[in-house]
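What the coordinates show
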Amino acid sequence: MIRTIDIHKSFGDQQVLKGITTEFFPGKTNLIIGRSGAGKTVLLKILVGLVSPTSGDIFYGDVNFSQLNKKEMRTIRMKVGMLFQGSALFDSMTVEENIRFPLDMFTHMTWKEKAMQVDSCLERVSLGQVHKKYPSEVSGGMQKRVGIARAIVLNPEYLFCDEPNSGLDPKTAIVIDELIRDITIDKNITTVINTHDMNSVMEIGDNIVLVHEGRLAWRGDKSQVLESTDETLQQFIFASPFLQRLRASALERSQEG
Amino acid sequence: MMMGTALARPERTYMYYRETTRQMNDIGVGSLVIVILISLFIGAVTAVQFSYQLDGTLVPLYYIGYIVRDSTIIELAPTITCLVLAGKVGSNMSSEIGGMRQKEHIDAMEIMGVNTAGYLVLPKIIAALVVIPLLVAIAAFVSIVGGYLAMVLTGSLSDNDYIMGVRSFFQEYNVFMMFVKAVVFAFILTSVSCYQGYYVKGGSIELGKASTNAVVFSDILILLADYLIASVLT
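Residues numbered from 1 in each chain as written. Chains lettered and ligands numbered in written order. Predicted model: local features only at pLDDT ≥ 70, side-chain atom pairs only at ≥ 80, totals over all residues.

A separate point is the overall build of chain B. Secondary structure summary: chain B contains 8 helices and 0 strands in total. Helices and strands appear in chain B in the N-to-C order α-α-α-α-α-α-α-α. Each of the three principal axes of chain B carries a C-alpha extent, and together these read 70 × 35 × 30 Å. The proportion of buried residues among the 234 residues of chain B is 43%. (Helix = DSSP H or I, 4+ residues; strand = E, 2+ residues; numbered from the N terminus. Buried ≥ 20, exposed ≤ 12 C-beta atoms within 10 Å, placed from the backbone.)

Below, the structure is given as structure tokens:
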């Protein structure tokens, strides 16, 4: 489990996060949602240690991550996998080499064991016959899958995904969402996803954290989203006039009924 | 700070070794043609210029070989080669690392637990420290050959006279000075370029600026170091 306690972050005079206290649970897909500029990417980067908080603490289990030095932080990071918004696959390496990179760097596995682990990860993300291709030679959806395969190759305890659906068509986005959810359940890992995709919220939102203007505005799961009367949440979910009209007519019908 | 982290103990020596050999190939083999071409013409031009300067004087013409050899070994081979490499290799390094920073490759490595400063910078520095002195030695040899071709093939000087000049008044110490310069310049151009790329922020305009800064700062520091080494070692 990951816990954040009163996280504040400022860049100069601009206060981006104003005291975020929340929890992310193992075996669940934990979603950080919010409008662009709400501070969710900064929160995600603070969680993985790419950005230091101005104040506050982050606990990975019982370990206070924010109090660790760089070397100690690396031991925690060995348990972390991350899927980046742009996949962040190394251009000069093939798909196979990208996935094998963490194994080459941190394990003493034989060449054969590494090859088997790479195959198993590629199979897990339903990709085959792309071993020798370069990232530029596969589609955006495939790049995301390769990114996921690389993120899970060391069997992490924590998986972070920064906008995993950005740039994907709705159908591929659902496939990626389902893949992340299945991996989370199979491996019982703590998955934290940063998204503003409503499909993801309604499909895989086991634990949803709404960040609004740097504050924790709402917390719940996907079943509570539509029932909630929280104004900030409603404004975020029903942002488009079309959805507002749909909601109004649904409410009308339910009142008439 | 970057250098301190870069010099930390590698996570996996084999991976660093593999990256170092890749860099050696990129810097060495990748720069060989341009270094040979430039050195050939530098040697030729130096010979032609001194031939013109010495024409009608009492200085024997075979001195041209001696002048080409010493000016090449002491100054032209290490300095010009490294200034050219700062443009070719330095800008390439800063763009490569800067591009990795912008495409979140460095963040991805950091999250895996990789010491990014070490993995991305140290192999480049080691490769440069090994390969650039070799390139400089090749440049010095090719320059002397360039002078020979310019003098002998045009009939300005006989084959024997040029070779006699090249073999006159030779001091091994000058070769030592050449290698000192090559090592120092190699360190400057790789560390400055890697620094510029590693700390790049923003978009493509900033990446372009970082690449330009890598070349400009490397060139300035190389010229400054050249003067300091010349003052200390002569």
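This part takes up the domain arrangement of chain A. All names here are of chain A. Under the domain assignment used here, chain A contains domain 1 (2-79 + 158-256) and domain 2 (91-155). In this structure, domain 1 and domain 2 have C-alpha centres spaced 27 Å apart. Counting residues at the interface gives 11 residues for domain 1, matched by 10 residues for domain 2. Its residues assigned to classes, the side of domain 1 that touches domain 2 shows 8 nonpolar, 2 polar and 1 charged. (Domains from an automatic or database assignment. Contact = placed C-beta atoms within 7 Å. Nonpolar A, V, L, I, M, F, W, Y, C, P; charged D, E, K, R; others polar.)

What follows is about the sheet that holds strand E6 (residues 80-83) of chain A. Residues and elements named next belong to chain A. An order of E6-E7-E8-E3-E9-E10 is seen for the 6 strands of this open sheet, with the pairing classed as mixed. Of all the strands in the sheet, just E6 and strand E10 (215-220) have a single pairing partner and so form its edges. Averaged over all adjacent pairs, the angle separating strand axes in this sheet is 20 degrees, with direction ignored. (Pairing = 2+ DSSP bridges. Axes fitted to C-alpha atoms, helices over the stretch in contact; angles between N-to-C directions.)

This next bit is on helix H10 (residues 241-256) of chain A. The end-to-end C-alpha distance of H10(A), which contains 16 residues, comes to 22 Å, matching closely the 22 Å that a straight helix rising 1.5 Å per residue would cover. For H10(A), the buried fraction is low: 0 of the 16 residues fall into the buried class. (Expected span 1.5 Å × (residues − 1).)

Opposite the 13 residues of chain B that make contact, chain A presents 15 residues. No other element matches helix H4 (residues 105-112) of chain B, which puts 6 residues into the side of chain B that touches chain A.

With that settled, consider the sheet that holds strand E2 (residues 14-24) of chain A. All names here are of chain A. The antiparallel open sheet is built from 4 strands, whose spatial order is E2-E1-E4-E5. In the strand order of this sheet, the two ends are held by E2 and strand E5 (63-64), each with one partner. Here 8 bridges tie strand E1 (residues 2-11) to E2, and the two strands are oriented antiparallel to one another. Each residue of the ladder has a partner; that of arginine 3, found in E2, is glutamate 23. Of the strands in this sheet, E1, E2 and strand E4 (55-60) touch helix H1 (residues 40-48), which is tilted by about 120 degrees from E1.

Right, let's get into the confidence of the model for chain B. Of all residues in chain B, 97% attain a pLDDT of 70 or more, and the chain-wide mean is 92. Ranking the elements of chain B by mean pLDDT puts helix H1 (residues 2-6) of chain B last, at 69, and helix H7 (residues 172-198) of chain B first, at 96. (pLDDT = per-residue confidence, 0-100.)

We now examine the environment of A:His131. Residues and elements named next belong to chain A. The topology assignment puts histidine 131 in the loop between helix H4 (111-124) and helix H5 (140-152). Since 16 C-beta atoms lie within 10 Å of it, histidine 131 is described here as partly exposed. Between the C-alpha atom of histidine 131 and that of valine 80, which follows or precedes it by 51 residues, the distance is 23 Å. Setting aside residues no more than four positions away along its own chain, histidine 131 makes contact with Thr94, Val95 and Glu96.

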